[in-house]
Amino acid sequence: MFKRGKQQRFLAIAIALLLLLTGSFILVKQFSEEKSYFEYTEEDVKLLANLMHAEMRYAAESEYFSLSLENENSEDLKLCYMLIGSVVLHRLESRMFGETMREVIYAPGQFSTVWIYDIMTDIDTSPEVYEWAEELLKFGPKGPDGLIYAYWFKMSDNLEPYQEVCGMYFYMGEGITKKVEGGKVN
């Protein structure tokens with residue numbers, strides 16, 4: 001009888017440990033599968049990264065602008081790329097420029113690197129920019145909701161930009177807010 005009692009206690013402890021380990025595994029799995037800010041595809045990452053790079057490349061190669069990619073502080077350069085990507089994502093969230101990443105990027109009259117110069121084709125975007133684009137899609141855009149304009153020039157002396165970095169000016173759009181409840185775009 002004494003032997004049977006030991007076995008039962010051992011079995012009870014083993015079951016308790018198994019349940020504890022299973023519960024811990026489930027919690028770890030849930031936390032490791034955090035939901036992204038945007039539901040996105042690899043094509044979305046590629047489109048966003050290529051647009052970010054095209055805008056920066058055009059600003060650096062144009063005779064009209066003073067951006068020098070080699071001479072910029074690396075933190076400022078990343079911030080500039082991230083803000084360009086954020087402009088796209090804020091536009092996507094607003095639903096005023098399109099319902100998908102492709103629609104927003106290729107909306108007529110919006111990004112001159114796409115609709116005037118068509119430099120989104122044959123583009124050599126670095127892996128680092130793809131990582132930044134995915135970071136934005138996973139964790140959400142930077143800057144306030146209404147940040148929807150990026151220019152290589154100051155729009156007007158009467159209108160102050162939200163931020164100026166690397167020779168790029170970022171402006172707020174009046175009345176732009178997230179159209180999807182909770183700020184999440186599905």
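Above: the structure in question.
Structural notes, computed from the coordinates. (Residues numbered from 1 in each chain as written. Predicted model: local features only at pLDDT ≥ 70, side-chain atom pairs only at ≥ 80, totals over all residues. Heavy atoms only, no water.)

### As for the environment of Glu39
Our working rule: Here a helix means four or more residues in a row that DSSP labels H or I, a strand means two or more in a row labelled E, and each is numbered from the N terminus. Type-normalised accessible area, obtained with a 1.4 Å probe on protein chains alone, sets the label of each residue: buried when under 20%, exposed when over 50%, and partly exposed for intermediate values.
With respect to the secondary-structure elements, Glu39 resides in the loop between helix H1 (2–32) and helix H2 (42–61). Exposure remark for Glu39: the relative accessible area of 44% places this residue in the partly exposed category.

### Overview of the nonpolar core
Here is the rule we go by: Here, the term nonpolar core denotes a set of buried Ala, Val, Leu, Ile, Met, Phe, Trp, Tyr and Cys residues that are joined through side-chain atoms within 4.5 Å. We call two residues in contact when some of their heavy atoms are within 4.5 Å.
Ranked by size, the top nonpolar core spans 38 residues in total, and within it Leu48, Met52, Cys80, Ile84, Val88, Met101 and Phe170 carry the most contacts. Sorting the residues of this core by element identifies H2, helix H3 (74–94), helix H4 (101–105), helix H6 (127–139), strand S1 (147–151) and strand S3 (168–172) as the ones contributing at least two each. Residue contributions to this core peak at ten residues, all from H3. Ignoring any residue separated from it by four or fewer positions in sequence, one finds Ile84 in contact with Leu51, Met52, Glu55, Met56, Met168 and Phe170.

### Things to note about the packing of aromatic side chains
Heads up, the rule is: Planes of paired rings set the category: under 30 degrees apart is stacked, over 60 is edge-to-face and the rest tilted, where pairs are Phe, Tyr or Trp rings (Trp by its six-membered ring) whose centres lie within 6.5 Å. Ring-over charges, as used throughout, are those where CZ of Arg or NZ of Lys falls within 6 Å of the ring centre and within 35 degrees of the ring normal.
Overall, the coordinates contain two aromatic pairs when judged by the stated rule. On the numbers, 5.3 Å between centres and 50° between planes, the contact of Tyr81 with Trp132 is tilted. You can see Tyr81 sitting in helix H3 and its partner Trp132 sitting in helix H6, a full 51 residues away along the chain. For the cation-ring pair, Arg91 lies above Phe97, with the distance from its terminal atom to the ring centre recorded as 4.7 Å. The lysine or arginine in question, Arg91, covers the ring of Phe111, its NZ or CZ lying 4.6 Å from the ring centre.

### A short note on the pattern of salt bridges
This is how the line gets drawn: Each reported salt bridge corresponds to a side-chain nitrogen of Lys or Arg within 4 Å of a carboxyl oxygen of Asp or Glu.
This structure, assessed with the given rule, holds three salt bridges. Its salt-bridge partner being Glu43, residue Arg102 comes within 2.6 Å of it at the nearest N-O pair. Within this pair, whereas Arg102 is found in helix H4, its partner Glu43 is found in helix H2, the two being separated by 59 residues in sequence. For Arg102, a relative accessible area of 41% puts it in the partly exposed group.

### A look at H2
For the α-helix, the turn length of 3.6 residues means that residues three or four positions removed from each other point alike. Applicable threshold: Residue count minus one, scaled by 1.5 Å, sets the expected span of a helix.
Helix length check: H2, at 20 residues, gives a terminal C-alpha distance of 28 Å against a target of 28 Å (1.5 Å per residue), a fit within 8%. The element H2 is extensively covered by neighbouring structure, given that 14 of its 20 residues are classed as buried.

### What about the packing of H2 against H3?
As a reminder, the rule being used: The axes are straight lines fitted to the C-alpha atoms, using for helices just the contacting stretch, and the angles between their N-to-C directions are given from 0 to 180°. To sort the angles, those under 35 degrees are grouped as roughly parallel, those over 145 as roughly antiparallel, those from 65 to 115 as roughly perpendicular, and the leftovers as oblique. Crossings are classed by handedness, with left-handed meaning an anticlockwise turn of the near helix from the far one by less than a right angle and right-handed meaning a clockwise turn. Under this grouping Gly is polar, as are all residues other than the nonpolar Ala, Val, Leu, Ile, Met, Phe, Trp, Tyr, Cys and Pro and the charged Asp, Glu, Lys and Arg.
Interhelical geometry of H2 versus H3 gives an angle of 120° and a closest axis separation of 9 Å. By the angle class used here, H2 and H3 are oblique. Remark: the crossing between H2 and H3 carries right-handed chirality. Residue-level inspection shows Leu48, Leu51, Met52, His53, Glu55 and Met56 of H2 in contact with H3, the latter providing Leu77, Cys80, Tyr81, Met82, Ile84, Gly85, Val88 and Leu89. Looking at side-chain class alone, the contact of H2 with H3 contains eleven nonpolar, two polar and one charged residues.

### Concerning the side chain of Thr113
Under the convention used in this document: Polar contact criterion, stated in full: a pair of N or O atoms within 3.5 Å, where within protein one must be able to donate a hydrogen and the other to accept it, and residues adjacent in sequence count only if both atoms are side-chain atoms.
With respect to the helices and strands, the residue Thr113 is situated in helix H5 (residues 112–115). By relative accessible area, which is 0% here, Thr113 ends up buried. Polar contacts involving the side chain of Thr113 include one to the side chain of Glu55, which spans 2.6 Å.

### Overview of the sheet that holds S1
Keep this limit in mind: DSSP-based pairing: two strands are paired if at least 2 bridges between them are found.
Within the open sheet, the three strands sit side by side as S1-S3-S2. Their pairing is antiparallel. In this open sheet, the two strands that pair with only one neighbour each are S1 and strand S2 (163–165). Ignoring strand direction, the axes of neighbouring strands in this sheet form an average angle of 20°. Alignment of S1 against S3, held across four bridges, turns out to be antiparallel.

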